[in-house]
Amino acid sequence: MPYTVSVDKDVCISSGKCVADAPTAFRLDDDELSEPIDPSPPLPDATLLAVARNCPSGAIALVDEQGQSVDVD
Amino acid sequence: MSAPTLDVVTIVSFAEARDAYRQKDLRQALYDEGEVIMADVLVNLHGDEHRRRRRVENRSFRRETFDLYERHLFPAAIEQTLAPYIAAGKVDLVHLGHELMLNLAALTAGVDRPQGTAEETSRLYDYTMLFIEGATLAHSTKDKDEQRKCILEGLVQWDQEFLQPSISRRRQALASAAAGEIPDSEVPKDVLTTLLRYEDELELPHEVIRREIAFVLLAGAHTSATAFVRAIDHILSWVDAHPEDAHKVLEDPLFVQRCIHETVRLNPSSPVGQRWALSDVTLKSGVRIPKGHKLVIDLAAVNRDPEVFGPTAADFDPYRELPQGVGPFGLSFGGGMHVCIGQDLAAGVVPSGDVDTDKHLFGLVTSAVQRMFNEGVRRNPEQPPQWDANTARPYWGTYPVLLGASA
């Protein structure tokens, strides 16, 4: 099972980088804050990790199949 | 002369710098001496105030907007700006870089030039150069109090001549769109328009809008202009040593983009990042920054960290291989919440996997630099480049070049 993903909207600064990098996994809501389209996006773990690392505000969290938080720093 | 402060922690490793940029209790400190321009500007804000403004301004920095600039607006600006210099067969790269990038920065910021004359652009250029002095006051070698006075006077004059008419036009456009008289797509996408569109939410006094737009103007023009000059310098030296790559510079924009990234890595716009510790902060490495201390991130060293960039880290090498998760430009664009908002606009999107060159964003510096090589740019043997003596930052003060076919 691949990573599951979540976005902390209180932390998101609406850079839009995740949406530009992975439009099948993220979208902007009506307030232009990021949100996952699906908690388990159809993307390789490495891609999700790169997207999470590229988030300027550190708003994207990943959890692996054992339920452990993935270090994205 | 002020006494050296002992309450400074300096870091030189890439891993520590990346960690530091993500710490939420480290506040921007780089612009403390440049308040005349930088007070309450986005890059100087912290916490909720920063998040609120950044969320609004990011709406002007979407990739579809960058696409519009890179593929449609900027090629015309390059043509128009370069034409007289191509005809003359020579130019000073330092002046050209700022003139070229100012044309784009004005679009991004939302500063109009309704007359469209060379004199009008020249006045805006002079104001922008003054604002650049304000943002880089920390590294100035001139009388800083005198500079502050001149910068404030210039700011007020620029406000009357350029900013207020630009605000009036945008208020009119927003009102027309709200009344259904024009489609919203006809309203400009620049930062000034976005600030006005959300002014009820942000509640910014006019003085703050004035400094914010001045900052967008100076930052867009100056950082890209210095990268433009330095990239041409590096590429000229690279091609001298590797003539087999000369054709790539002319034909392969991905190679040129790689050269731009390597240039930016070796030459961050500011040689240091600085932060104030709002509480005791301990980095993953164990380095501790006590509350009230200043953190200095030595970017020149960080971007030459051999642990990350290898034993040749100090050399310019567009073929350098990088570890996963490391940007090819190092940390020159900063990181964390204050990462440069115009990074993708200036340097393009970092290529990964197969690149569709019809859709890829190469960055405006890439486009401008490659165009210079297609115009035959080469050093002028009779006028060697000189460093800028007015700042401790390693800027070129003058860089004369020749254009056109060599004799």
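Above this text sits the structure in question.
Residues numbered from 1 in each chain as written. Chains lettered and ligands numbered in written order. Predicted model: local features only at pLDDT ≥ 70, side-chain atom pairs only at ≥ 80, totals over all residues. Heavy atoms only, no water.

**Here we look at the interface of chain B and chain A**
- If you look at the interface, chain B gives 16 residues, while chain A gives 23 residues.
- When chain B packs against chain A, the two sides together hide about 1,600 Å² of surface, and 40% of this comes from carbon and sulfur.
- The largest contributions to the chain B side of the interface with chain A come from B:Arg22, B:Arg55 and B:Arg62, which together make up 35% of the buried area.
- Linking chain B to chain A there are 5 salt bridges.
- Between A:Lys17 and B:Asp344 there is a salt bridge, with its nearest N and O atoms 3.5 Å apart.
- For the interface between chain B and chain A, the tally reads 14 residue pairs in polar contact (both at pLDDT 80 or more).
- In terms of residue count, the dominant contributor to the side of chain B that touches chain A is helix H3 (residues 47–57) of chain B (3 residues).
- When the residues that make up the side of chain B that touches chain A are grouped by side-chain class, the tally is 2 nonpolar, 4 polar and 10 charged. (Contact = heavy atoms within 4.5 Å. Buried area = accessible area lost by both parts, 1.4 Å probe. Salt bridge = Lys/Arg side-chain N within 4 Å of Asp/Glu carboxyl O. Polar contact = N/O pair within 3.5 Å; in protein donor to acceptor, adjacent residues only side chain to side chain. Helix = DSSP H or I, 4+ residues; strand = E, 2+ residues; numbered from the N terminus. Nonpolar A, V, L, I, M, F, W, Y, C, P; charged D, E, K, R; others polar.)

**Things to note about the packing of aromatic side chains**
All names here are of chain B.
- Evaluated as defined, the whole model comprises 11 aromatic pairs over all chains.
- Judged by centre distance (6.2 Å) and plane angle (75°), the ring pair of phenylalanine 61 and phenylalanine 66 falls under edge-to-face. In this pair, the class of phenylalanine 61 matches that of phenylalanine 66, namely buried.
- For the pair tryptophan 238 and tyrosine 319, a centre-to-centre distance of 6.1 Å together with 45° between the ring planes defines the contact as tilted. Separated by 81 residues along the polypeptide, tryptophan 238 in helix H10 (residues 206–241) and tyrosine 319 in the loop between helix H14 (306–309) and helix H15 (343–347) bring together distant segments of the chain.
- Grouped by ring-pair contacts, the aromatic residues Tyr127, Phe131, Trp158 and Phe162 constitute a single cluster.
- The ring of phenylalanine 309 carries the charged tip of arginine 265 above its face, separated from the ring centre by 4.9 Å. (Phe/Tyr/Trp six-rings, centres within 6.5 Å; stacked < 30°, edge-to-face > 60°. Buried < 20%, exposed > 50% of the residue type's maximum accessible area, 1.4 Å probe, protein only. Lys NZ or Arg CZ within 6 Å of the ring centre and 35° of its normal.)

**Remarks on helix H16 (residues 364–374) of chain B**
All names here are of chain B.
- Where burial is concerned, most of H16 is hidden: 9 out of the 11 residues are buried.
- Taken residue by residue, H16 has Leu364, Val365, Thr366, Ala368, Val369, Gln370, Arg371, Met372 and Phe373 as its buried positions.
- Just past H16, the residue glycine 376 takes up positive phi, approximately 80°.

**Regarding the nonpolar core**
- With 98 residues, the main nonpolar core has B:Trp158, B:Ile213, B:Phe228, B:Val369 and B:Met372 as its most contacted residues.
- With near-sequence residues (within four places) excluded, B:Val369 lies in contact with B:Phe228, B:Ala231, B:Ile232, B:Ile235, B:Val256 and B:Ile260. (Core = buried A, V, L, I, M, F, W, Y, C linked by side-chain atoms within 4.5 Å.)

**Thoughts on the sheet that holds strand E2 (residues 26–28) of chain B**
All names here are of chain B.
- Spatially, the 4 strands line up as an open sheet ordered E1-E7-E4-E2, and their pairing is mixed. Both outer strands of the open sheet, strand E1 (8–11) and E2, are each paired with one neighbouring strand and no more. Direction aside, neighbouring strands of the sheet carry axes that sit 35° apart on average.
- Taken together, the 4 bridges between E1 and strand E7 (residues 294–298) define a ladder with parallel strand orientation. Opposite valine 9, over in E7, you have leucine 295 as the bridge partner.
- On the sheet, helix H1 (residues 14–21) packs against E1, E2, strand E4 (272–277) and E7 and is oriented at approximately 130° with respect to E7. (Pairing = 2+ DSSP bridges. Axes fitted to C-alpha atoms, helices over the stretch in contact; angles between N-to-C directions.)

**Considering the sheet that holds strand E8 (residues 378–379) of chain B**
- Pairing in this open sheet of 3 strands is antiparallel, and the strands run E3-E11-E8 (chain B) from one edge to the other. Two strands lie at the open edges of the sheet, namely strand E3 (90–92) and E8 of chain B, each paired on one side alone.

**A look at a nonpolar patch on the surface**
All names here are of chain B.
- Residues Leu68, Leu73 and Leu107 make up a contiguous nonpolar surface patch of roughly 200 Å² in combined accessible area.
- For leucine 107, the location among the structural elements is in helix H5 (residues 93–109).
- Given the relative accessible area of 36%, leucine 107 is considered partly exposed. (Patch = residues over 30% accessible without salt bridge, like charges linked within 9 Å, V, L, I, M, F, W, Y side chains within 5 Å. Areas by Shrake-Rupley, 256 points an atom, 1.4 Å probe, with all protein chains shown as cover.)

**Some remarks on the environment of B:Leu73**
Residues and elements named next belong to chain B.
- Summarising the element assignment, leucine 73 is placed in helix H4 (residues 63–88).
- For leucine 73, a relative accessible area of 32% corresponds to the partly exposed category.
- Expressed as a C-alpha distance, the spacing of leucine 73 and leucine 107, which sit 34 residues apart in the sequence, is 9.0 Å.
- Apart from residues lying up to four places away in sequence, leucine 73 is in contact with Leu68 and Leu107.

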